[in-house]
Amino acid sequence: MNRVLNDAWGNPSSSYGFGARVRSEIERSRESVAKLINARPHEVIFTSSGTEANNMALLSAVATRPTCKHIVTTTVEHSSVLTLVDHLKKKGYEVTKVPVDREGVVCVSEVESALREDTAIVTVMWANNETGVLHPVFEIGALCRRRGILFHCDAVQALGKVPVDVSKLDCDYLSFSAHKIHGPKGCGALWLRDPSICEPLIRGGHQEHGLRGGTEDVAAIVGFGVAAEICAQEGTKNLLYVRELRDALEQGILDSVSNAEVNGCRLNRIPHITNIAFPGVSAQALVVLLDAAGVCASAGSACMAFTKEPSHVIKAMKPEFAECSVRFCLDPSNTNTEIESACLKVVQAVTALRQSALA
Ligand code: PLP
(Lines give C-alpha, C1' and ligand atoms only; values in the text may rest on other atoms or scores of the structure.)
Protein backbone atom coordinates (compact mmCIF):
# COMPACT_ATOMS: atom_id res chain seq x y z
CA MET A 1 0.00 0.00 0.00
CA ASN A 2 2.89 2.37 0.76
CA ARG A 3 4.41 1.63 -2.60
CA VAL A 4 1.16 2.47 -4.35
CA LEU A 5 0.66 5.68 -2.36
CA ASN A 6 4.23 6.83 -2.94
CA ASP A 7 5.02 5.63 -6.44
CA ALA A 8 1.91 4.40 -8.26
CA TRP A 9 -0.35 7.34 -7.44
CA GLY A 10 -1.66 7.95 -10.98
CA ASN A 11 -5.32 7.81 -11.85
CA PRO A 12 -6.16 4.25 -12.92
CA SER A 13 -8.69 5.58 -15.43
CA SER A 14 -6.17 7.76 -17.28
CA SER A 15 -5.15 6.64 -20.74
CA TYR A 16 -1.44 7.44 -20.36
CA GLY A 17 1.01 4.74 -19.36
CA PHE A 18 1.36 5.87 -15.73
CA GLY A 19 -2.41 5.42 -15.27
CA ALA A 20 -2.38 2.08 -17.05
CA ARG A 21 0.26 0.78 -14.64
CA VAL A 22 -1.96 1.75 -11.72
CA ARG A 23 -4.90 0.05 -13.43
CA SER A 24 -2.89 -3.14 -13.66
CA GLU A 25 -2.34 -2.98 -9.87
CA ILE A 26 -6.13 -3.08 -9.43
CA GLU A 27 -6.48 -5.96 -11.85
CA ARG A 28 -3.80 -7.95 -10.06
CA SER A 29 -5.72 -7.53 -6.81
CA ARG A 30 -8.92 -8.55 -8.53
CA GLU A 31 -7.18 -11.75 -9.66
CA SER A 32 -5.92 -12.43 -6.12
CA VAL A 33 -9.33 -11.97 -4.52
CA ALA A 34 -10.98 -14.01 -7.30
CA LYS A 35 -8.42 -16.81 -6.84
CA LEU A 36 -9.10 -16.98 -3.10
CA ILE A 37 -12.78 -17.73 -3.79
CA ASN A 38 -12.24 -19.75 -7.01
CA ALA A 39 -14.01 -17.12 -9.10
CA ARG A 40 -13.19 -15.42 -12.38
CA PRO A 41 -11.70 -11.92 -11.94
CA HIS A 42 -14.43 -10.10 -13.86
CA GLU A 43 -16.99 -11.42 -11.36
CA VAL A 44 -15.40 -9.43 -8.51
CA ILE A 45 -16.42 -5.78 -7.97
CA PHE A 46 -14.44 -3.76 -5.44
CA THR A 47 -16.51 -1.69 -3.02
CA SER A 48 -15.80 0.60 -0.07
CA SER A 49 -16.79 -2.04 2.51
CA GLY A 50 -18.69 -5.21 3.28
CA THR A 51 -21.59 -2.91 4.13
CA GLU A 52 -21.59 -1.46 0.63
CA ALA A 53 -21.34 -4.94 -0.91
CA ASN A 54 -24.40 -6.06 1.10
CA ASN A 55 -26.35 -2.95 0.06
CA MET A 56 -25.34 -3.40 -3.57
CA ALA A 57 -26.43 -7.04 -3.63
CA LEU A 58 -29.85 -6.51 -2.06
CA LEU A 59 -30.66 -3.35 -4.00
CA SER A 60 -29.54 -5.05 -7.22
CA ALA A 61 -31.82 -7.98 -6.54
CA VAL A 62 -34.90 -5.89 -5.90
CA ALA A 63 -34.14 -3.63 -8.88
CA THR A 64 -33.75 -6.56 -11.27
CA ARG A 65 -36.87 -8.35 -9.95
CA PRO A 66 -39.28 -5.39 -10.07
CA THR A 67 -42.44 -7.45 -9.66
CA CYS A 68 -41.13 -9.31 -6.59
CA LYS A 69 -41.82 -7.40 -3.40
CA HIS A 70 -40.80 -9.92 -0.75
CA ILE A 71 -37.42 -10.41 0.94
CA VAL A 72 -36.35 -13.28 3.21
CA THR A 73 -33.58 -12.90 5.75
CA THR A 74 -32.81 -13.95 9.33
CA THR A 75 -33.06 -12.21 12.68
CA VAL A 76 -29.28 -12.39 13.22
CA GLU A 77 -27.86 -10.67 10.14
CA HIS A 78 -25.36 -7.83 10.32
CA SER A 79 -26.83 -4.34 10.66
CA SER A 80 -25.86 -3.60 7.04
CA VAL A 81 -28.53 -6.11 5.99
CA LEU A 82 -31.11 -5.59 8.73
CA THR A 83 -31.11 -1.79 8.52
CA LEU A 84 -31.46 -1.97 4.75
CA VAL A 85 -34.36 -4.46 4.78
CA ASP A 86 -36.10 -2.33 7.43
CA HIS A 87 -35.68 0.64 5.10
CA LEU A 88 -37.06 -1.38 2.16
CA LYS A 89 -40.02 -2.35 4.33
CA LYS A 90 -40.86 1.32 4.74
CA LYS A 91 -40.72 1.60 0.94
CA GLY A 92 -43.38 -1.10 0.55
CA TYR A 93 -41.47 -4.39 0.53
CA GLU A 94 -42.55 -7.25 2.75
CA VAL A 95 -39.74 -8.75 4.81
CA THR A 96 -39.71 -12.13 6.54
CA LYS A 97 -37.01 -12.46 9.19
CA VAL A 98 -36.64 -16.17 9.84
CA PRO A 99 -35.81 -16.87 13.51
CA VAL A 100 -32.83 -18.90 14.71
CA ASP A 101 -32.80 -21.68 17.30
CA ARG A 102 -31.14 -21.43 20.74
CA GLU A 103 -27.84 -22.45 19.13
CA GLY A 104 -28.09 -19.41 16.85
CA VAL A 105 -28.64 -21.45 13.68
CA VAL A 106 -31.33 -20.84 11.07
CA CYS A 107 -33.30 -23.89 9.99
CA VAL A 108 -33.49 -24.64 6.24
CA SER A 109 -37.12 -25.80 6.43
CA GLU A 110 -38.10 -22.51 8.08
CA VAL A 111 -36.43 -20.61 5.26
CA GLU A 112 -38.29 -22.84 2.81
CA SER A 113 -41.63 -22.11 4.50
CA ALA A 114 -40.94 -18.37 4.21
CA LEU A 115 -40.47 -18.48 0.41
CA ARG A 116 -43.24 -17.05 -1.77
CA GLU A 117 -43.93 -16.63 -5.47
CA ASP A 118 -42.94 -12.97 -5.17
CA THR A 119 -39.74 -13.49 -3.13
CA ALA A 120 -37.07 -11.34 -4.80
CA ILE A 121 -34.11 -12.51 -2.74
CA VAL A 122 -33.05 -14.62 0.21
CA THR A 123 -30.14 -13.18 2.18
CA VAL A 124 -28.45 -15.29 4.86
CA MET A 125 -25.00 -14.73 6.34
CA TRP A 126 -22.43 -17.53 6.17
CA ALA A 127 -20.92 -17.01 9.63
CA ASN A 128 -22.36 -14.85 12.36
CA ASN A 129 -20.11 -12.02 13.51
CA GLU A 130 -21.14 -12.18 17.17
CA THR A 131 -21.17 -15.92 17.82
CA GLY A 132 -19.15 -17.33 14.92
CA VAL A 133 -21.96 -19.82 14.22
CA LEU A 134 -22.14 -21.14 10.64
CA HIS A 135 -25.49 -21.23 8.85
CA PRO A 136 -26.52 -23.97 6.38
CA VAL A 137 -25.84 -21.74 3.37
CA PHE A 138 -25.18 -24.65 0.98
CA GLU A 139 -28.65 -26.09 1.60
CA ILE A 140 -30.30 -22.66 1.51
CA GLY A 141 -28.50 -21.83 -1.75
CA ALA A 142 -29.62 -25.11 -3.32
CA LEU A 143 -33.18 -24.46 -2.19
CA CYS A 144 -33.17 -20.97 -3.74
CA ARG A 145 -31.68 -22.31 -6.96
CA ARG A 146 -34.46 -24.94 -7.23
CA ARG A 147 -37.07 -22.26 -6.71
CA GLY A 148 -35.43 -19.75 -9.08
CA ILE A 149 -34.96 -17.19 -6.30
CA LEU A 150 -31.85 -15.03 -6.00
CA PHE A 151 -29.58 -15.85 -3.05
CA HIS A 152 -27.18 -13.44 -1.38
CA CYS A 153 -24.72 -14.58 1.24
CA ASP A 154 -22.82 -12.20 3.50
CA ALA A 155 -19.48 -14.02 3.59
CA VAL A 156 -17.64 -11.22 5.40
CA GLN A 157 -16.84 -13.35 8.47
CA ALA A 158 -16.45 -16.61 6.57
CA LEU A 159 -13.64 -15.55 4.24
CA GLY A 160 -10.33 -16.97 5.38
CA LYS A 161 -12.04 -19.00 8.12
CA VAL A 162 -13.83 -21.64 6.04
CA PRO A 163 -13.13 -22.65 2.42
CA VAL A 164 -15.06 -20.23 0.20
CA ASP A 165 -15.41 -21.66 -3.32
CA VAL A 166 -18.06 -20.01 -5.48
CA SER A 167 -18.32 -23.09 -7.69
CA LYS A 168 -19.57 -25.13 -4.72
CA LEU A 169 -22.23 -22.71 -3.47
CA ASP A 170 -25.51 -22.00 -5.27
CA CYS A 171 -25.30 -18.30 -4.77
CA ASP A 172 -25.82 -15.16 -6.86
CA TYR A 173 -24.06 -12.58 -4.70
CA LEU A 174 -21.35 -12.94 -2.04
CA SER A 175 -20.07 -10.04 0.07
CA PHE A 176 -16.57 -9.65 1.48
CA SER A 177 -14.65 -7.13 3.57
CA ALA A 178 -10.87 -6.68 3.36
CA HIS A 179 -10.30 -5.95 7.04
CA LYS A 180 -11.60 -9.36 8.10
CA ILE A 181 -8.54 -10.96 6.47
CA HIS A 182 -6.08 -8.34 7.72
CA GLY A 183 -6.51 -6.07 4.72
CA PRO A 184 -7.28 -2.38 5.16
CA LYS A 185 -10.54 -1.02 6.52
CA GLY A 186 -12.75 0.74 3.98
CA CYS A 187 -12.44 -1.86 1.24
CA GLY A 188 -14.71 -4.74 0.31
CA ALA A 189 -15.88 -6.75 -2.65
CA LEU A 190 -19.05 -8.15 -4.13
CA TRP A 191 -18.87 -11.35 -6.13
CA LEU A 192 -21.56 -11.58 -8.80
CA ARG A 193 -22.51 -14.74 -10.60
CA ASP A 194 -23.93 -12.70 -13.44
CA PRO A 195 -23.42 -8.95 -14.07
CA SER A 196 -26.93 -8.70 -15.53
CA ILE A 197 -28.36 -9.06 -12.00
CA CYS A 198 -26.39 -6.05 -10.80
CA GLU A 199 -27.64 -2.50 -10.57
CA PRO A 200 -24.98 0.10 -9.71
CA LEU A 201 -25.37 1.64 -6.29
CA ILE A 202 -23.02 4.46 -7.22
CA ARG A 203 -23.49 5.80 -10.71
CA GLY A 204 -20.75 7.69 -12.47
CA GLY A 205 -17.83 6.62 -14.63
CA HIS A 206 -17.00 3.28 -16.18
CA GLN A 207 -14.99 2.04 -13.19
CA GLU A 208 -15.53 -1.55 -11.96
CA HIS A 209 -16.97 -2.61 -15.34
CA GLY A 210 -19.44 0.27 -15.13
CA LEU A 211 -20.99 -1.26 -12.00
CA ARG A 212 -19.50 1.16 -9.45
CA GLY A 213 -18.63 4.69 -10.48
CA GLY A 214 -15.85 6.71 -8.85
CA THR A 215 -12.07 6.65 -8.88
CA GLU A 216 -10.89 3.59 -7.02
CA ASP A 217 -9.02 3.60 -3.70
CA VAL A 218 -6.08 1.87 -5.33
CA ALA A 219 -3.95 1.49 -2.19
CA ALA A 220 -6.81 -0.15 -0.28
CA ILE A 221 -7.59 -2.46 -3.19
CA VAL A 222 -3.93 -3.44 -3.46
CA GLY A 223 -3.90 -4.08 0.30
CA PHE A 224 -6.94 -6.32 -0.10
CA GLY A 225 -5.21 -8.21 -2.91
CA VAL A 226 -2.08 -8.83 -0.86
CA ALA A 227 -4.17 -9.88 2.15
CA ALA A 228 -5.99 -12.35 -0.14
CA GLU A 229 -2.67 -13.77 -1.38
CA ILE A 230 -1.38 -14.22 2.18
CA CYS A 231 -4.67 -15.75 3.24
CA ALA A 232 -4.47 -18.27 0.38
CA GLN A 233 -0.86 -19.15 1.24
CA GLU A 234 -1.49 -19.62 4.95
CA GLY A 235 -4.34 -22.07 4.50
CA THR A 236 -5.54 -23.65 7.73
CA LYS A 237 -2.30 -23.45 9.79
CA ASN A 238 -3.30 -20.30 11.68
CA LEU A 239 -6.90 -21.40 12.04
CA LEU A 240 -5.93 -24.46 14.06
CA TYR A 241 -3.76 -22.33 16.31
CA VAL A 242 -6.41 -19.68 16.86
CA ARG A 243 -9.02 -22.36 17.57
CA GLU A 244 -6.78 -23.76 20.32
CA LEU A 245 -6.47 -20.29 21.82
CA ARG A 246 -10.24 -19.73 21.60
CA ASP A 247 -10.94 -23.09 23.21
CA ALA A 248 -8.43 -22.37 25.99
CA LEU A 249 -10.05 -19.00 26.68
CA GLU A 250 -13.51 -20.55 26.76
CA GLN A 251 -12.49 -23.44 28.97
CA GLY A 252 -10.58 -21.17 31.35
CA ILE A 253 -13.62 -18.94 31.76
CA LEU A 254 -16.14 -21.77 32.04
CA ASP A 255 -13.98 -23.52 34.66
CA SER A 256 -13.68 -20.41 36.84
CA VAL A 257 -16.88 -18.41 36.41
CA SER A 258 -19.99 -20.04 37.82
CA ASN A 259 -22.99 -20.19 35.45
CA ALA A 260 -21.00 -18.86 32.49
CA GLU A 261 -22.24 -20.32 29.21
CA VAL A 262 -21.05 -20.24 25.61
CA ASN A 263 -23.66 -18.80 23.25
CA GLY A 264 -24.04 -20.58 19.92
CA CYS A 265 -23.45 -24.00 18.46
CA ARG A 266 -19.96 -25.03 19.55
CA LEU A 267 -19.48 -27.69 16.90
CA ASN A 268 -20.12 -25.75 13.74
CA ARG A 269 -18.51 -22.33 13.95
CA ILE A 270 -15.55 -20.29 12.77
CA PRO A 271 -12.51 -20.65 15.02
CA HIS A 272 -11.74 -17.15 16.21
CA ILE A 273 -14.93 -15.92 17.88
CA THR A 274 -16.56 -16.83 21.15
CA ASN A 275 -19.56 -15.30 22.84
CA ILE A 276 -20.03 -15.97 26.52
CA ALA A 277 -23.00 -15.26 28.80
CA PHE A 278 -22.28 -14.19 32.37
CA PRO A 279 -25.71 -14.37 34.05
CA GLY A 280 -26.31 -11.58 36.56
CA VAL A 281 -23.58 -9.37 35.08
CA SER A 282 -24.12 -6.34 32.83
CA ALA A 283 -22.25 -6.94 29.57
CA GLN A 284 -21.76 -3.18 29.15
CA ALA A 285 -20.15 -2.89 32.60
CA LEU A 286 -18.01 -5.95 31.97
CA VAL A 287 -16.57 -4.63 28.69
CA VAL A 288 -15.73 -1.33 30.41
CA LEU A 289 -13.88 -3.13 33.23
CA LEU A 290 -12.11 -5.40 30.76
CA ASP A 291 -11.07 -2.45 28.62
CA ALA A 292 -9.56 -0.76 31.69
CA ALA A 293 -7.66 -4.00 32.36
CA GLY A 294 -6.36 -4.09 28.77
CA VAL A 295 -8.71 -6.71 27.33
CA CYS A 296 -10.65 -5.64 24.23
CA ALA A 297 -14.07 -7.29 24.17
CA SER A 298 -17.51 -6.17 23.04
CA ALA A 299 -21.15 -6.55 23.95
CA GLY A 300 -22.25 -6.79 20.29
CA SER A 301 -20.89 -5.91 16.86
CA ALA A 302 -18.65 -2.86 16.32
CA CYS A 303 -21.32 -1.33 14.05
CA MET A 304 -23.78 -1.29 16.96
CA ALA A 305 -21.28 -0.38 19.70
CA PHE A 306 -22.66 3.10 20.31
CA THR A 307 -26.28 2.05 20.68
CA LYS A 308 -27.47 1.17 24.16
CA GLU A 309 -29.51 -1.72 22.75
CA PRO A 310 -28.58 -5.25 23.79
CA SER A 311 -27.24 -7.51 21.04
CA HIS A 312 -29.99 -8.40 18.55
CA VAL A 313 -28.18 -11.66 17.84
CA ILE A 314 -28.23 -12.98 21.41
CA LYS A 315 -31.74 -11.60 21.85
CA ALA A 316 -32.86 -13.69 18.86
CA MET A 317 -31.35 -16.93 20.21
CA LYS A 318 -31.36 -16.63 24.01
CA PRO A 319 -33.26 -13.48 25.06
CA GLU A 320 -32.45 -14.05 28.74
CA PHE A 321 -28.73 -13.62 27.94
CA ALA A 322 -29.02 -10.55 25.69
CA GLU A 323 -27.75 -8.14 28.34
CA CYS A 324 -25.08 -10.30 29.95
CA SER A 325 -23.17 -11.67 26.95
CA VAL A 326 -19.73 -10.63 25.80
CA ARG A 327 -18.00 -11.36 22.50
CA PHE A 328 -14.29 -12.14 22.31
CA CYS A 329 -12.51 -12.18 18.98
CA LEU A 330 -9.08 -13.77 18.63
CA ASP A 331 -6.33 -13.60 16.08
CA PRO A 332 -3.24 -15.65 15.21
CA SER A 333 -1.10 -12.84 16.64
CA ASN A 334 -2.50 -13.61 20.13
CA THR A 335 -0.37 -15.70 22.45
CA ASN A 336 -1.05 -18.32 25.13
CA THR A 337 0.21 -15.85 27.74
CA GLU A 338 -2.35 -13.27 26.59
CA ILE A 339 -5.11 -15.85 26.81
CA GLU A 340 -4.12 -16.82 30.38
CA SER A 341 -4.02 -13.17 31.35
CA ALA A 342 -7.36 -12.41 29.65
CA CYS A 343 -8.95 -15.36 31.45
CA LEU A 344 -7.74 -14.11 34.81
CA LYS A 345 -8.97 -10.57 34.09
CA VAL A 346 -12.39 -11.84 33.02
CA VAL A 347 -12.69 -13.85 36.25
CA GLN A 348 -11.62 -10.82 38.34
CA ALA A 349 -14.01 -8.45 36.54
CA VAL A 350 -17.01 -10.80 36.77
CA THR A 351 -16.30 -11.46 40.47
CA ALA A 352 -16.08 -7.71 41.15
CA LEU A 353 -19.36 -7.00 39.33
CA ARG A 354 -21.18 -9.85 41.05
CA GLN A 355 -19.92 -8.71 44.46
CA SER A 356 -20.95 -5.12 43.82
CA ALA A 357 -24.42 -6.33 42.81
CA LEU A 358 -24.69 -8.05 46.22
CA ALA A 359 -23.42 -5.05 48.19
N1 PLP B 1 -21.19 -8.38 7.54
C2 PLP B 1 -20.64 -8.96 8.61
C3 PLP B 1 -21.04 -10.34 8.98
C4 PLP B 1 -19.68 -8.27 9.37
O5 PLP B 1 -19.14 -8.84 10.44
C6 PLP B 1 -19.32 -6.97 8.96
C7 PLP B 1 -18.32 -6.19 9.73
O8 PLP B 1 -17.94 -6.52 10.82
C9 PLP B 1 -19.92 -6.42 7.82
C10 PLP B 1 -20.86 -7.15 7.14
C11 PLP B 1 -19.59 -5.04 7.36
O12 PLP B 1 -18.31 -4.96 6.79
P13 PLP B 1 -17.56 -3.55 6.78
O14 PLP B 1 -17.03 -3.33 8.15
O15 PLP B 1 -16.48 -3.71 5.76
O16 PLP B 1 -18.56 -2.54 6.37
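Scoring rules and cut-offs
Residues numbered from 1 in each chain as written. Predicted model: local features only at pLDDT ≥ 70, side-chain atom pairs only at ≥ 80, totals over all residues. Heavy atoms only, no water. Salt bridge = Lys/Arg side-chain N within 4 Å of Asp/Glu carboxyl O. Helix = DSSP H or I, 4+ residues; strand = E, 2+ residues; numbered from the N terminus. Buried < 20%, exposed > 50% of the residue type's maximum accessible area, 1.4 Å probe, protein only. Pairing = 2+ DSSP bridges. Phe/Tyr/Trp six-rings, centres within 6.5 Å; stacked < 30°, edge-to-face > 60°. Near = heavy atom within 4 Å. Polar contact = N/O pair within 3.5 Å; in protein donor to acceptor, adjacent residues only side chain to side chain. Areas by Shrake-Rupley, 256 points an atom, 1.4 Å probe, with all protein chains shown as cover. Nonpolar A, V, L, I, M, F, W, Y, C, P; charged D, E, K, R; others polar. Axes fitted to C-alpha atoms, helices over the stretch in contact; angles between N-to-C directions. Contact = heavy atoms within 4.5 Å.

Chemist: Would you take a moment to explain the pattern of salt bridges for this structure?
Modeler: Should their charged atoms come close, side chains of opposite charge can pair. By the definition in use, this model includes 18 salt bridges. The salt bridge involving Arg3 is made with Glu25; its shortest N-O contact spans 2.8 Å. One end of the pair, Arg3, is in helix H1 (residues 2-6); the other, Glu25, is in helix H2 (residues 17-36), and 22 residues separate them in sequence. A relative accessible area of 16% places Glu25 in the buried class. Where Glu250 meets Arg269, a salt bridge forms, and the shortest distance between an N and an O atom there is 2.7 Å. Of this pair, Glu250 sits in helix H8 (residues 237-256) while Arg269 sits in the loop between strand S8 (261-262) and strand S9 (273-277), and the two are 19 residues apart along the sequence. One exposure class covers both Glu250 and Arg269, and it is buried.

Chemist: Got a minute to help me understand the pairing of S9 in this structure?
Modeler: A regular strand places its side chains so that they alternate between the two faces of the sheet. Counting buried positions along S9 gives five out of five residues, so the element sits mostly inside the fold. Side chains of S9 alternate between two faces, with Ile273, Asn275 and Ala277 and Thr274 and Ile276 buried alike. Here S8 runs beside S9; their pairing, made up of two bridges, is antiparallel. When the sheet's bridge partners are listed, Glu261 is paired in S9 with Ala277. Here S9 pairs with strand S10 (residues 325-329) via five bridges, running antiparallel. Residue pairing for S10: Ala277 is matched across the bridge by Ser325.

Chemist: Help me out: how do you make sense of the packing of aromatic side chains in this one?
Modeler: Aromatic ring pairs are reported here in terms of the distance separating the ring centres and the angle at which the planes meet. Counted according to the given criterion, the structure contains three aromatic pairs. With a centroid separation of 6.0 Å and 65° between ring planes, the pair formed by Phe46 and Phe224 is classed as edge-to-face. With a gap of 178 residues between them, Phe46 in strand S1 (residues 44-47) and Phe224 in helix H7 (residues 218-234) connect regions that are remote in the sequence. You can call Phe224 buried: its relative accessible area is 0%.

Chemist: I'm lost on the site of the ligand in this one. Help?
Modeler: Taken together, the neighbourhood of the ligand is formed by 14 residues, with Gly50, Thr51, Asp154, Ser177 and Lys180 sitting nearest. Here an oxygen atom of the ligand and a backbone polar atom of Gly50 are 2.8 Å apart. Between the ligand and Gln157, the relevant distance is 2.9 Å, taken from an oxygen atom to a side-chain nitrogen or oxygen of the residue. When the ligand is considered free in solution it has 390 Å² of accessible area, and contact with the protein chains removes 90% of it. The leading source of residues in the shell around the ligand is helix H3 (residues 50-64), at three residues. For the shell around the ligand, the class distribution of residues is two nonpolar, ten polar and two charged.

Chemist: Explain the sheet that holds strand S5 (residues 150-154) here, please?
Modeler: Hydrogen bonds between backbone atoms are what pair the strands of a sheet, whose relative direction is either parallel or antiparallel. One open sheet accounts for seven strands, arranged S1-S7-S6-S5-S4-S2-S3; its pairing is mixed. Two strands lie at the open edges of the sheet, namely S1 and strand S3 (94-98), each paired on one side alone. Taking the axes of each pair of neighbouring strands and ignoring which way they run, one obtains an average angle of 20° across the sheet. Taken strand by strand, helix H6 (residues 137-147) contacts strand S4 (119-123) and S5, and its axis lies near 160° from that of S5.

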